[in-house]
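# Coordinates in review
The primary structure of each chain is shown beneath.
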Amino acid sequence: MGFYDILLHVKDNPNVHYNEVLKHSLEKGIVGGRASITIILNGLTGLGLLDRVISQDRPIRTTYNITEKGNKVLKHLKELESLF
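Let me sum up the structure you'll find in this document. In every chain, residue numbers begin from 1 and rise along the written sequence. Given that the model is predicted, a residue must reach a pLDDT of at least 70 before its local features are reported, and side-chain atom pairs must reach 80 or more before they are shown or counted; all residues, however, enter totals for whole chains, interfaces and linings. With hydrogens and water excluded, all non-hydrogen atoms of the structure serve as input to the side-chain values.

### A closer look at the overall build of the chain
Scanning the chain from N- to C-terminus turns up four helices and three strands. In terms of overall size, the chain behaves like a compact globule, its C-alpha atoms giving a radius of gyration of 13 Å where 84 residues would be expected to give roughly 12 Å. By principal-axis analysis of the C-alpha atoms, the chain measures approximately 45 × 30 × 20 Å. Each residue is assigned to one of three classes by its accessible area relative to the maximum for its type, calculated with a 1.4 Å probe on protein chains only: buried under 20%, partly exposed between the two thresholds, exposed over 50%. In the chain, buried positions account for 35% of the 84 residues. Only the protein chains shown count as covering a residue, and every accessible area follows the Shrake-Rupley method with a 1.4 Å probe. Counting only carbon and sulfur atoms, one obtains 55% of the accessible surface of the chain, whose full area is about 5500 Å². Residues scored as positive are Lys and Arg, those scored as negative are Asp and Glu, and His as well as the terminal groups of each chain are ignored. In this description, the location of a charge corresponds to atom NZ of lysine, CZ of arginine, CG of aspartate or CD of glutamate. Charge-centre separation for the chain: the mean point of 11 positive side chains lies 4 Å from the mean point of 9 negative side chains. Numbering of helices and strands starts at the N terminus; helices are DSSP runs of H or I of at least 4 residues and strands are runs of E of at least 2. Here the globule rule is a power law, 2.2 Å times the number of residues to the power 0.38, and the radius of gyration is based on C-alpha atoms.

And the structure:
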């Protein structure tokens, strides 16, 4: 459930910053803390569903965007969700 919700959030909020994803996830009760969101974001990035960009400017910020593969997976997940 957390992976799906976070993928949707990143799709709806292009160039979303790590702290914004964390705040959203904590408010929605998706995760209990920073470590959990890091695991989820690393998993989605590792699967090629999200792109992570780390700025070289100060302050250093990490942003996320959904990939084409992520959009395809999300489309299929939404189709599956509609069956239930």
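### Section: the environment of Ile66
Checked against the element boundaries, Ile66 lands in strand E3 (residues 62-66). Considered as a pair, Ile66 and Ile54 are twelve residues apart in the sequence and their alpha carbons are 15 Å apart. Contact between two residues is taken to exist if any of their heavy atoms lie within 4.5 Å; hydrogens are not considered. With residues near it in sequence (within four places) discarded, Ile66 still touches Leu7, Val10, Lys11, Leu49, Leu50, Asn71 and Leu74.

### Points about the packing of helix H1 (residues 2-12) against helix H3 (residues 34-46)
Working convention: axes come from line fits to C-alpha atoms, limited for helices to the stretch in contact. Angles between N-to-C directions cover 0 to 180 degrees. One can describe the packing of H1 onto H3 by two numbers: an axis separation of 10 Å at closest approach and a directional angle of 75 degrees. As the angle between them shows, H1 and H3 are arranged roughly perpendicular. Together, Gly2, Phe3, Ile6 and Leu7 of H1 and Ile37, Ile40, Leu41, Gly43 and Leu44 of H3 make up the contact between the two elements. A breakdown of the residues in the contact of H1 with H3 according to their chemical character gives seven nonpolar, two polar and no charged. An angle counts as roughly parallel when it lies under 35 degrees, as roughly antiparallel when it exceeds 145, as roughly perpendicular when it falls between 65 and 115, and as oblique in every other case. The nonpolar class holds Ala, Val, Leu, Ile, Met, Phe, Trp, Tyr, Cys and Pro. Asp, Glu, Lys and Arg form the charged class, and all remaining residues, Gly among them, are polar.

### With respect to H3
Residue count minus one, scaled by 1.5 Å, sets the expected span of a helix. For H3, with 13 residues, the first-to-last C-alpha span of 18 Å sits near the 18 Å given by 1.5 Å per residue. Its buried side turned inward, H3 meets H1, helix H2 (18-27), strand E2 (50-54) and E3. Taken from the residues just after H3, Gly48 is the one with a positive phi, measuring 80 degrees.

### With respect to the pairing of E3
For two strands to pair, DSSP has to find at least two bridges joining them. Inspection of the sheet shows strand E1 (residues 16-17) paired to E3 by two bridges, in the antiparallel sense. Looking at E3, one finds that His17 is bridged to Thr63.

### Things to note about the side chain of His24
Its place among the elements puts His24 in helix H2. For His24, the residues in contact, after removing those within four places along its chain, are His9 and Ile30.

### Details of the nonpolar core
Counting residues in hydrophobic clusters, the biggest one holds 19 residues, and the most contacted among them are Ile6, Ile37, Leu41 and Leu50. Mapped onto this core, the elements with two or more residues apiece are H1, H2, H3 and E3. Among the elements that take part in this core, H1 stands out by supplying five residues, more than any other. Apart from the residues within four sequence positions on either side, Leu41 is in contact with Ile6, Tyr18, Val21, Leu50 and Tyr64. By nonpolar core we mean a set of buried residues, namely Ala, Val, Leu, Ile, Met, Phe, Trp, Tyr and Cys, connected to one another through side-chain atoms within 4.5 Å.

All quantities given are derived from atomic positions and should not be read as evidence of function.
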